[in-house]
Amino acid sequence: MNVYYLQLLILIGINIIMASSLNLVIGYTGQLSLGHAAFMSLGAYTSALATLRLGLPFGAALLIGAVVAALFGIVIGLPTLQLKGDYLAIATLGFGEIVRIVFLNLDITGGAVGLRGIPKETDFLWVICLVLITGFALNRIIHSRVGRALLAIREDETAAESMGINSTYYKTLCFGVGAFFAGIGGGLFAHWFRYIHPNTFGFLNSIEYLCMVVLGGLGNMWGAVIGAGLLTIIPELLRQIADLRLLIYGIVLIIMMRVRPQGILGQSQGKSTHTLSRYYKQILGKIKNR
Amino acid sequence: MLRVENLSTGYNSIRVLKQISLTVSEGEIVTLIGSNGVGKTTTLRTISGLLRPTEGSIHFCNKDISHVPPHKIVELGISHVPEGRNIFPRLSVRENLEIGAYTRKDRLEIKKDFKKVMEIFPQLAKRQKQTAGTLSGGEQQMLAIGRALMSRPRLLLLDEPSMGLAPLVVLGIFEIIKEVNRQGTTILLVEQNAQIALRTAHRGYVMETGRIILDDSAEALLQNDQVRKAYLGE
Ligand SMILES: Nc1ncnc2c1ncn2[C@@H]1O[C@H](COP(=O)(O)OP(=O)(O)OP(=O)(O)O)[C@@H](O)[C@H]1O
Ligand SMILES: [Mg+2]
C-alpha cells in the first residue's frame with residue numbers, strides 16, 4: 001500500500017480510538033474534559049520508554065502506557081469531577097498543560113528535545129485490532145448497567161444520585177476508562193511516528209478530539225468514528241492551507257451549530273440541543289481566548 | 001418509621017431549617033405544607049441525603065441516616081420524587097423506569113414492579129419508547145413517581161406533585177398517590193396546595209420560615225382557623 005495512504009489510515013484509526021474514548025466521557029457521561037491529549041501523551045511517553053529503555057515487547061508497553069494513563073485519569077478525576085461544567089473544563093485544561101510542562105522539563109522524556117528513536121512497532125494490523133477492541137469494549141460498557149448509570153448522570157446528576165447511583169464512582173470510572181484508551185492511542189502514535197514531543201499533545205489536540213466528537217454527534221458510537229474520519233481526511237485534503245486548520249475547525253463548528261447542533265449522528269431532542277450549544281459556546285470561547 | 005429531630009440545615013451560612021422535628025409512621029400519608037420558600041424542599045433534600053444537616057438527627061427505621069450519602073439512602077428504602085420532577089429527558093420512559101430500579105438486583109421482582117407501575121399509569125404503558133422529555137407535564141410527573149416506585153421504597157418523598165399541572169390532572173395524580181399508599185408505601189408529601197394535600201393525607205405539619213408551627217391530623221388542620229386563613233384562602 002502507498003505509504004501516504006497507509007499513514008492516513010493509521011492516523012484515522014488512532015483518532016477513532018481517541019474520539020470514541022472521549023465520547024464516553026463527554027457524550028455519554030456529560031463531563032466536559034479538555035485534557036484528553038494529556039492522557040494520550042502519558043500513554044505515548046510511558047509505552048515509548050518501556051520499549052526504548054526497558055526493551056519490553058510492544059503489546060506489554062501499550063498496556064502499561066494505557067494503565068498509567070488510566071491511573072492518572074482516576075487520580076485526577078476523583079477531585080476534579082466534583083466540579084461542574086465550566087469548572088471541570090478549566091481543571092482538565094489545566095491538568096493537560098501541567099502534564100505538557102512536566103514532560104518539557106523531565107530529563108527522562110527528552111525534555112524540550114522530545115523523545116527520539118522509538119522503535120517502529122505500530123502497523124496497520126495493530127491499529128485495526130485496537131480500533132475494534134476499543135469499539136467493542138466501549139460498546140459493551142455503554143449497553144451495560146454502568147452505561148445506564150453514565151447516561152443518567154449525564155441527564156441529571158442529582159436525580160441519578162436520588163436513584164441510588166453513586167455519581168462520583170461512575171464519573172471517575174468513566175474518566176479512567178477514557179484515559180485508558182487515550183493511553184492506547186498515544187502508544188500507537190508514538191510507535192508509528194517514532195518521535196514524540198510534549199507539544200504534540202497540547203491543548204489544541206484535545207480540542208481537535210472534542211471537535212471530532214461534536215461533529216460526529218455526542219453520545220453516538222458511529223458519530224465519533226465519522227467525526228474522526230472526516231477531521232483527519234479534510235485537513236489532509238487541504239494540506240496547502242494547513243495553517244488554517246483551526247480556522248476550518250471553527251467554521252465547521254459554527255456551521256454545525258446552526259445547521260445540526262446535535263452533530264451528524266447525534267440524537268435530537270428539544271432539551272439536548274441546549275446543552276450542546278452550551279458546549280459549542282465553551283469550546284469556541286476557549287479557542288478565541290488562545 | 002421516620003423520625004426527624006431538631007434538624008437544622010442551610011445553604012452556605014444561611015440557615016434555612018431551624019430545629020424542625022417531625023415523624024412519619026408506617027402506612028401513613030403525612031403532608032408538610034407552607035408557602036413559598038419556607039424550607040419544604042430543603043427538608044426533603046436533607047432527608048434524602050442531598051444536603052447535610054448542620055444540627056439534629058434523622059432516623060429511618062431506627063437507623064441514623066443524617067450523614068448517609070443519597071445513593072445509600074435509596075438502598076435503605078427512601079425514594080425521593082424531586083420538585084420539578086427531574087426525569088431523564090433524553091432517555092425513554094422504559095429506561096427512566098429501569099434506572100429507578102438501579103439499586104435492585106432481583107430481576108423477576110423488578111419485572112413485576114414494572115408491570116405494576118404500568119397498571120397504575122396506563123398512560124405511560126402506551127408510551128414506553130417515547131423519550132421522556134417529550135411527555136406532557138402530567139405524564140412526566142407520573143413517570144417521576146413511577147420511577148421512584150421502581151426502587152420499591154418503604155417511604156416515598158413527594159415534592160409538590162401538583163406543580164404546574166391542570167386541576168383535573170392534579171386530582172388524578174392525588175388519586176394515584178392514595179392508591180400507592182393503600183398498596184403499602186408510606187408517604188411524606190410536600191405541597192403548597194394545602195387543600196388537596198390535607199384532603200389526601202392522614203396528618204399534616206405546617207411550616208413557616210424554617211420552623212414547624214402546627215401539627216395535627218389532616219381533618220383538624222382543615223378546620224383550623226389559622227390554616228383556613230393562611231392556606232385555604234377562606
Ligand atoms: N441552593 C440554594 N442556595 C441558597 N439558598 C437556597 C438554595 N435552595 C434554596 N435556598 C433558599 O432556602 C429557602 C427555602 O427554600 P426551599 O426550596 O426549601 O423552599 P420551599 O418551601 O420548597 O419553597 P417552594 O414552595 O417555593 O418550593 C429559600 O429562602 C431559598 O431561597
Ligand atoms: Mg419547594
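Residue indices follow the written sequence of each chain, beginning from 1 at its first position. To read the labels, note that chains go from A and ligands from 1, taken in the order they are written. Residues qualify for local features only when their pLDDT is at least 70, as the model is predicted, and side-chain atom pairs are given and counted only at 80 or more; totals for whole chains, interfaces and linings, by contrast, use all residues.

Participant: I'd like a description of the overall build of chain B, backed by residues and values.
Facilitator: For chain B, the helix and strand inventory stands at 10 helices and 10 strands. For a compact globule the rule gives 2.2 Å times the number of residues to the power 0.38, and the radius of gyration it is set against comes from C-alpha atoms. Computed over the C-alpha atoms, the radius of gyration of chain B is 17 Å, within 12% of the 17 Å expected from 2.2 N^0.38 for a compact globule of 234 residues. Expressed as lengths along the three principal axes of its C-alpha atoms, the size of chain B is roughly 45 × 40 × 30 Å. Across the 234 residues of chain B, 46% fall into the buried class. Secondary structure counts use DSSP, requiring at least four H or I residues in a row for a helix and at least two E residues in a row for a strand, with both numbered from the N terminus. Any residue surrounded by 20 or more other C-beta atoms within 10 Å of its C-beta is treated as buried, while 12 or fewer makes it exposed and the intermediate range makes it partly exposed; C-beta atoms here are placed from the backbone.

Participant: Residues and numbers for the overall build of chain A, please.
Facilitator: Summing up its helical and strand segments, chain A has 12 helices and 0 strands in all. For chain A, the α and β elements follow one another from N to C terminus as α-α-α-α-α-α-α-α-α-α-α-α. For 290 residues, the compact-globule estimate of 2.2 N^0.38 gives 19 Å, and chain A sits close to it at 18 Å. Dimensions of chain A along its principal axes, counting C-alpha atoms only, are 50 × 45 × 35 Å. Here, residue contact means that the backbone-derived C-beta atoms of the two residues sit within 7 Å. Nonlocal contacts in chain A, meaning residues at least 24 apart in sequence, comprise 78% of its contacts between residues at least 6 apart.

Participant: Any details on the interface of chain B and chain A? Residues and values, ideally.
Facilitator: Between chain B and chain A, the residue contacts involve 22 residues of the former and 19 residues of the latter. Of all the secondary-structure elements, those providing two or more residues to the side of chain B that touches chain A are α2 (70–76) and α3 (93–100) of chain B. Sort the elements by how many residues they give to the side of chain B that touches chain A and α2 of chain B lands first, with 4 residues. The classification used treats Ala, Val, Leu, Ile, Met, Phe, Trp, Tyr, Cys and Pro as nonpolar, Asp, Glu, Lys and Arg as charged, and all other residues, Gly among them, as polar. Among the residues making up the side of chain B that touches chain A, the classes are represented as 9 nonpolar, 10 polar and 3 charged.

Participant: Which residues make up helix α8 (residues 167–193) of chain A, and what are the values?
Facilitator: Residues and elements named next belong to chain A. For α8, built from 27 residues, the straight-helix expectation of 39 Å at 1.5 Å per residue is met to within 8% by its first-to-last C-alpha distance of 39 Å. Summarising burial for α8: 23 of the 27 residues are buried, a large majority. Taken from the residues just after α8, arginine 194 is the one with a positive phi, measuring 65°. For a helix, the expected span equals 1.5 Å multiplied by the number of residues minus one.

Participant: So, the site of ligand 1: which residues are in play, and what are the values?
Facilitator: All names here are of chain B. Near, for a residue, is defined by distance from a backbone-placed C-beta atom to a molecule or strand, with 6 Å as the limit that must not be exceeded. Every residue near ligand 1 is listed here: Tyr11, Val16, Gly34, Asn36, Gly37, Val38, Gly39, Lys40, Thr41, Thr42, Glu83 and Gln192. With 3 residues, the top contributor of residues to the shell around ligand 1 is helix α1 (residues 40–47). Here the residues of the shell around ligand 1 sort into 3 nonpolar, 7 polar and 2 charged.

Participant: I'd like to hear about the sheet that holds strand β6 (residues 78–81) of chain B, residue by residue, with values.
Facilitator: Residue and element names in this part refer to chain B. The mixed open sheet is built from 6 strands, whose spatial order is β6-β7-β8-β3-β9-β10. Each edge of the open sheet is held by one strand with a lone partner, namely β6 and β10 (211–217). Taking the axes of each pair of neighbouring strands and ignoring which way they run, one obtains an average angle of 15° across the sheet. Where strand β3 (residues 29–33) and strand β8 (residues 186–191) come together, 5 bridges link them in parallel fashion. Bridge pairing links leucine 32 to valine 190 in β8. Axes, fitted as lines to C-alpha atoms, cover a helix only where it is in contact. Angles between the N-to-C directions of the axes lie from 0 to 180 degrees. Across the sheet, helix α6 (residues 137–149) is in contact with β6 and β7 (155–159); its angle to β6 comes to roughly 170°. Across the sheet, helix α7 (residues 167–182) touches β3, β7 and β8, and the angle it forms with β8 is around 155°. One bridge is not enough; two strands pair if DSSP finds at least two bridges between them.

Participant: Tell me what's going on with the sheet that holds strand β5 (residues 63–64) of chain B, and back it up with residues and numbers.
Facilitator: Sheet strands pair via backbone hydrogen bonds, and the direction of the pair is either parallel or antiparallel. Residue and element names in this part refer to chain B. The sheet built from 4 strands is open, its strands ordered β2-β1-β4-β5 with antiparallel pairing. Either end of the sheet is taken by a strand with one partner, and the two such strands are β2 (14–24) and β5. Helix-sheet contacts for α1 involve β1 (2–11), β2 and β4 (55–60), and the interaxial angle to β2 is about 70°.

Participant: Help me get a handle on the confidence of the model for chain A, residues and values and all.
Facilitator: Confidence scores labelled pLDDT are given residue by residue by the predictor and lie between 0 and 100. Overall, the prediction assigns chain A a mean pLDDT of 89, with 91% of residues at 70 or greater. Under a pLDDT of 50 for its full length, residues 269–274 of chain A has, in the predicted model, 14 contacts with residues more than four places off or in other chains.

Participant: Requested: an account of the pairing of β8 of chain B, with residues and values cited.
Facilitator: For β8 of chain B, a buried count of 6 out of 6 residues is recorded, marking the element as mostly surrounded by other parts of the structure. Whether a crossover is right-handed comes down to one check: with the strands pointing away from the viewer, does the path from the first strand over the helix to the second run clockwise; if it does, it is right-handed. Handedness of the β-α-β unit built from β7 of chain B, α7 of chain B and β8 of chain B comes out right-handed.

Participant: Quick one: what's the story with the packing of helix α2 (residues 36–52) of chain A against α8 of chain A, residue by residue and with numbers?
Facilitator: Residues and elements named next belong to chain A. As a packed pair, α2 and α8 sit with axes 6 Å apart at the nearest point and diverge in direction by 55°. One element, α2, and the other, α8, form an angle in the oblique class. Note that α2 runs across α8; the crossing there is right-handed. Each of His36, Phe39, Met40, Ser41, Leu42, Gly43, Ala44, Ser47, Ala48 and Thr51 in α2 lies in contact with α8, whose residues at this interface are Ala179, Ala182, Gly183, Ile184, Gly185, Gly186, Gly187, Phe189, Ala190 and His191. Taken together, the residues of the contact of α2 with α8 sort by class into 10 nonpolar, 10 polar and no charged. Oblique is the label for any angle not covered by the other classes, which are roughly parallel (under 35 degrees), roughly antiparallel (over 145) and roughly perpendicular (65 to 115). Crossing handedness is defined as follows: a turn of the near helix away from the far one that is anticlockwise and smaller than a right angle gives a left-handed crossing, while the clockwise case is right-handed.

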